[in-house]
Amino acid sequence: MNIILAEDLKTLLSQGELVLIDARGGPDAFQRYQAGHLENALFLDLETQLSDKTDNAANGGRHPLPEPQDFGQLLGSAGISPESTVVVYDDKNGANAASRFWWMLKAIGHEKVYVVSGGLDAIIKAGISITSEIPAKPQLKQYPANGWHWPLADISHVSEISTDPELMVIDVREHYRYAGESEPIDLVAGHIPGAVNIPYTSNLNENGEFLSKEELTSKYQAALAGRTPEQVVVHCGSGVTACHTLLALNEAGFEGAALYVGSWSEWSRNDKPIAIGNN
């Protein structure tokens, strides 16, 4: 189990020690955290802590991964050890920084990490109190992170496989971006030729919570059409919301799909072929 409901969080909070992580992105991320978060939840910033940004998104995209050792240092500063039970949420239904943090933690080999379905909104609706008080950071030794052990795909690999019908590249962006109708973030509209559009929002129900495990299993069993997860690469705009779909795939029992971190933000800046429309 990777995804928990806010009601499950109530139970976990009453049972013992947890490390609570409030992960958010955007220029006002910390201000939003200050305005209200779970008691004792530590803030992590997608832009500066869960990414290692460069001046040129053509090299690695808009949210490249940090070095594993640097991530291990961050985890130690958040009081996370390999034995910790970690619960992470964000204010985007788990679709943004929370899923990215989940992927990173699992990718270095951490076992017990859970994403709260529906994020902060669901937590508030469940009657769990929030606070504006900033907790002290419990300093630990560096977490022993020695590499990303979950599959990663680079731009060269995606170029080789994107139009192979036996393999699958999933683009999780909203359909209008995939179809090239408009592009609000990156420089060029469109998608990687051969990529299939399964918007990450389709992992959620009308309340902004993840579909049930059974619904996700049925959804991705049909989408993969007999392919194994190892035949799948998932991408988005910059390697963040792709993690939301990787979380959904894992919850559905399809562990092993690769993350293309550079995603459209890298692809569209490298003179690669670009497709428009639904194919």
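Numbering of residues begins from 1 in every chain and follows the order in which that chain's sequence is written. Restriction of local features to residues with pLDDT of at least 70 applies here, the model being predicted, together with a cutoff of 80 or more for giving and counting side-chain atom pairs; totals for whole chains, interfaces and linings are based on all residues. The basis for every side-chain value is the complete set of non-hydrogen atoms in the structure, without hydrogens or water.

Q: Hey, could you run me through the sheet that holds strand β1 (residues 3–4) in this one?
A: Paired through their backbone hydrogen bonds, the strands of a sheet run either parallel or antiparallel. The strand order across the open sheet built from five strands is β1-β6-β5-β2-β4, with neighbouring strands paired in parallel fashion. The sheet is open, and its two edges are formed by β1 and β4 (42–45), each paired on a single side. At least two DSSP bridges between two strands are needed for those strands to be called paired. The helix and strand labels rest on DSSP assignments: H or I over at least four residues marks a helix, E over at least two residues marks a strand, and numbering proceeds from the N terminus. Relative to strand β5 (residues 86–89), strand β2 (residues 19–24) runs parallel, the two sharing four bridges. Note that in β5 the partner of Val 19 across the bridge is Val 86.

Q: Teacher, can you tell me more about the packing of helix α4 (residues 97–107) against helix α9 (residues 242–251) here?
A: How two helices sit against one another is set out by the angle between their axes and by the gap between those axes. What counts as an axis is a line fitted to C-alpha atoms, over the stretch in contact for a helix, and the angles between N-to-C directions run from 0 to 180 degrees. The interhelical angle for the contact between α4 and α9, taken along N-to-C directions, is 60°, at an axis separation of 8 Å. Classified by the interaxial angle, the pair formed by α4 and α9 is oblique. Seen from above, α4 lies across α9 with left-handed handedness. Along the contact surface, α4 presents Ser 99, Arg 100, Trp 102 and Trp 103, while α9 presents Cys 243, His 244, Leu 246, Leu 247 and Asn 250. Asp, Glu, Lys and Arg are counted as charged, while Ala, Val, Leu, Ile, Met, Phe, Trp, Tyr, Cys and Pro are counted as nonpolar; the rest, among them Gly, fall into the polar class. Class assignment for the residues of the contact of α4 with α9 results in five nonpolar, three polar and one charged. In these notes the angle categories are as follows: under 35 degrees is roughly parallel, over 145 is roughly antiparallel, 65 to 115 is roughly perpendicular, and the rest is oblique. Handedness of a crossing follows from how the near helix is turned relative to the far one, being left-handed for an anticlockwise turn of less than a right angle and right-handed for a clockwise one. Whether two residues are in contact is decided by their heavy atoms, any of which lying within 4.5 Å being enough.

Q: Hey, could you run me through the environment of Met 104 in this one?
A: Summarising the element assignment, Met 104 is placed in helix α4. Note: C-alpha distance between Met 104 and Pro 68 (36 residues apart in sequence) is 8.8 Å. Not counting residues within four places of it along the chain, the set of residues in contact with Met 104 comprises Leu 50, Leu 65, Pro 66, Phe 71 and Trp 148.

Q: How should the pairing of β5 be read in this particular structure?
A: On any regular strand, side chains alternate: one points to one face of the sheet, the next to the other face. Of the two faces of β5, the one lined by Val 86 and Val 88 and the one lined by Val 87 and Tyr 89 are each fully buried. As paired elements, β5 and strand β6 (residues 113–116) share three bridges and run parallel to each other. Along β6, the bridge assignment pairs Val 86 with Val 113. For a crossover, the right-handed case is the one in which the path from the first strand over the helix to the second runs clockwise, viewed with the strands pointing away from the viewer. One crossover worth recording links β5 to the parallel β6 by way of α4, and it is right-handed. When a residue's accessible area, from a 1.4 Å probe over protein chains only, is under 20% of the maximum for its type it is buried; when over 50% it is exposed; and in between it is partly exposed.

Q: How do you make sense of the pairing of strand β8 (residues 168–171) when you look at a structure like this?
A: Taking every second residue as pointing to the same face, both faces of β8 are buried, with Met 168 and Ile 170 on one and Val 169 and Asp 171 on the other. Direction of pairing for β8 relative to strand β10 (residues 232–235): parallel, over a ladder of four bridges. For Met 168, the partnering residue across the bridge sits in β10 and is Val 232. Pairing geometry for β8 and strand β9 (residues 196–197), over two bridges, is parallel. Residue Asp 171 lies in a different strand from β9, and its bridge partner there is Asn 197.

Q: Whenever I open this one, the pattern of salt bridges confuses me. Can you help?
A: Proximity of charged atoms lets side chains of opposite charge pair with each other. Each reported salt bridge corresponds to a side-chain nitrogen of Lys or Arg within 4 Å of a carboxyl oxygen of Asp or Glu. Under the criterion given, the structure shown has 13 salt bridges. A salt bridge links Asp 91 to Arg 24; its shortest N-O distance comes to 3.1 Å. One end of the pair, Asp 91, is in the loop between β5 and α4; the other, Arg 24, is in strand β2, and 67 residues separate them in sequence. Residue Asp 171 pairs with Arg 173 through a salt bridge whose shortest N-O separation is 2.8 Å. Overall, the relative accessible area of 0% leaves Asp 171 in the buried class.

Q: Explanation requested: unusual backbone geometry in the structure shown.
A: It is generally the case that most residues other than glycine have a negative phi and that most peptide bonds are trans. One non-glycine residue with positive phi stands out, namely Asn 40, at about 75°. Summarising the element assignment, Asn 40 is placed in the loop between β3 (37–38) and β4. Look at Ser 263: it is not a glycine, yet its phi comes out positive at around 50°. By the element assignment, Ser 263 lies in helix α10 (residues 263–267). Look at Ser 263 and you get buried, because its relative accessible area is 0%.

Q: How should the packing of aromatic side chains be read in this particular structure?
A: Here a ring pair, both rings aromatic, is described through the centre-centre distance and the interplanar angle of the planes. Working definition: rings of Phe, Tyr and Trp (its six-membered ring) pair if their centres are within 6.5 Å, and the pair is stacked with planes under 30 degrees apart, edge-to-face with planes over 60 apart, and tilted otherwise. In total, this model carries eight aromatic pairs according to the counting rule given. Residues Phe 71 and Trp 148 carry aromatic rings whose centres are separated by 5.7 Å and whose planes lie at 35° to one another, so their mutual orientation is tilted. Here Phe 71, found in helix α3 (residues 68–77), pairs with Trp 148, found in the loop between β7 (130–131) and α6 (155–161); they are 77 residues apart in sequence, far enough to count as distant. The two residues Phe 71 and Trp 148 agree in class, both being buried.

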